[in-house]
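A closer look at the structure
Chain by chain, the residues run as shown.
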Amino acid sequence: MPLMACMENNRPGYKYGQSGHCYTYSPGSESARKEAKRKAILQGTAIVQTTGEKLIIKTKLKKEVYDDDNNLVFGWGYVAIKKNGKQVVDWSEDRIEPEHIKDLEMAVYGFNVGGRKSGIRHGTPARGYLIESMMFTKEKLEKMKVPEGTLPEGVWLGFWFPDDKDYKFIKKMKSPMFSMEGIGIREEV
């Protein structure tokens, strides 16, 4: 079930799936809209945790890092803005506008809370476990005093695959990629 726009008492809002509560906001109030969306994402996270429903952002791993001693795989889970400041159009032909980076950040936090596992391919049981996640935003990079142009805006992930066969299979893949499953609203631009 996706995150959905809704209406209640002639007020716009967001909810998770058809049966979720509609969190409304006052039209024209960006802060209220964001808060309503945040509440619906948290509602979706709670539903996912209790129903087992999956919380898909796909990105090919570039410059992936492997730790063979511990069966760890690290890489960029999603990059929205390259380190040179250019916007990324992802593998699914989607992009995240710079002003909506916070929405990606909330989705990553939802994945961290409600997902945290990795299969080898879509439709396979979870065999890997999230061990590291850092959402890099322009604001965070500034606060960490990372020089502009050093890192992109996106999420860095690390997974542990306890089974040696799974880990070796991932390393042999010609084009490994992380595919974060999540909830969201696709908007035409």
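Residues numbered from 1 in each chain as written. Predicted model: local features only at pLDDT ≥ 70, side-chain atom pairs only at ≥ 80, totals over all residues. Heavy atoms only, no water.

Notes on the overall build of the protein chain
A tally of regular secondary structure across the protein chain gives four helices and 10 strands. Secondary structure of the protein chain in N-to-C order comes out as β-β-β-α-β-β-β-α-β-β-α-β-α-β. A buried classification covers 39% of the 189 residues belonging to the protein chain. Counting every atom, the protein chain has about 11,500 Å² of accessible surface; 52% of that belongs to carbon and sulfur. (Helix = DSSP H or I, 4+ residues; strand = E, 2+ residues; numbered from the N terminus. Buried < 20%, exposed > 50% of the residue type's maximum accessible area, 1.4 Å probe, protein only. Areas by Shrake-Rupley, 256 points an atom, 1.4 Å probe, with all protein chains shown as cover.)

What about helix 2 (residues 101-114)?
For an α-helix, 3.6 residues make a turn, and residues three or four places apart therefore share a direction. Here helix 2 contains 14 residues, and its C-alpha end-to-end distance of 20 Å stays within 8% of the 20 Å for a straight helix at 1.5 Å per residue. Restricting attention to buried positions, one finds in helix 2 the residues Ile101, Leu104, Glu105, Val108, Gly110, Phe111, Asn112 and Gly114. (Expected span 1.5 Å × (residues − 1).)

Some thoughts on the sheet that holds strand 2 (residues 11-16)
Here we have three strands laid out as an open sheet, ordered 1-2-3, and antiparallel in their pairing. Each edge of the sheet is formed by a strand with only one pairing partner; in this case those strands are strand 1 (3-8) and strand 3 (23-24). Two elements, strand 2 and strand 3, share two bridges in a ladder whose sense is antiparallel. By the bridge assignment for strand 3, Tyr14 is matched with Tyr23. (Pairing = 2+ DSSP bridges.)

Some remarks on the side chain of Thr137
Tracing the sequence through the fold places Thr137 in the loop between strand 8 (128-136) and helix 3 (138-143). When its relative accessible area of 0% is taken as the criterion, Thr137 is described as buried. In contact with Thr137, not counting residues within four places along its chain, are Ile101, Glu105 and Glu153. (Contact = heavy atoms within 4.5 Å.)

Overview of the nonpolar core
Residues Tyr78, Ala80, Leu104, Val155, Phe159 and Phe161 are the most contacted members of the largest nonpolar core, which totals 17 residues. At the level of secondary structure, the elements contributing two or more residues to this core comprise strand 6 (72-81), helix 2, strand 8, strand 9 (153-160) and helix 4 (164-172). Ranked by size, the runner-up nonpolar core spans eight residues in total, among them Leu72, Trp76, Val79 and Val88. (Core = buried A, V, L, I, M, F, W, Y, C linked by side-chain atoms within 4.5 Å.)

Considering the state of the cysteines
Considering all chains together, one arrives at one disulfide under this definition. Covalently, Cys6 is tied to Cys22 through a disulfide, its sulfur atoms 2.1 Å apart. What sets the handedness of the Cys6 and Cys22 disulfide is the S-S torsion sign, and at about 90° it is right-handed. In this pair, Cys6 is assigned in strand 1 and Cys22 in the loop between strand 2 and strand 3, connecting sequence segments 16 residues apart. One exposure class covers both Cys6 and Cys22, and it is buried. (Disulfide = S-S within 2.5 Å.)

Description of unusual backbone geometry
Of note in this structure, Asn71 is not a glycine but carries a positive phi near 55°. Looking at the secondary structure, you find Asn71 in the loop between strand 5 (65-67) and strand 6. Phi is positive for Lys145, which is not a glycine, with a value near 60°. Position of Lys145 among the secondary structure elements: in the loop between helix 3 and strand 9.

Let's talk about a nonpolar patch on the surface
Taken together, the side chains of Tyr129, Ile131 and Trp160 present a nonpolar region at the surface, about 270 Å² in accessible area. Take Tyr129: it is sitting in strand 8. On the basis of relative accessibility, which here comes to 35%, the residue Tyr129 falls in the partly exposed class. (Patch = residues over 30% accessible without salt bridge, like charges linked within 9 Å, V, L, I, M, F, W, Y side chains within 5 Å. Salt bridge = Lys/Arg side-chain N within 4 Å of Asp/Glu carboxyl O.)

Shape is all these values report; function is a separate question.
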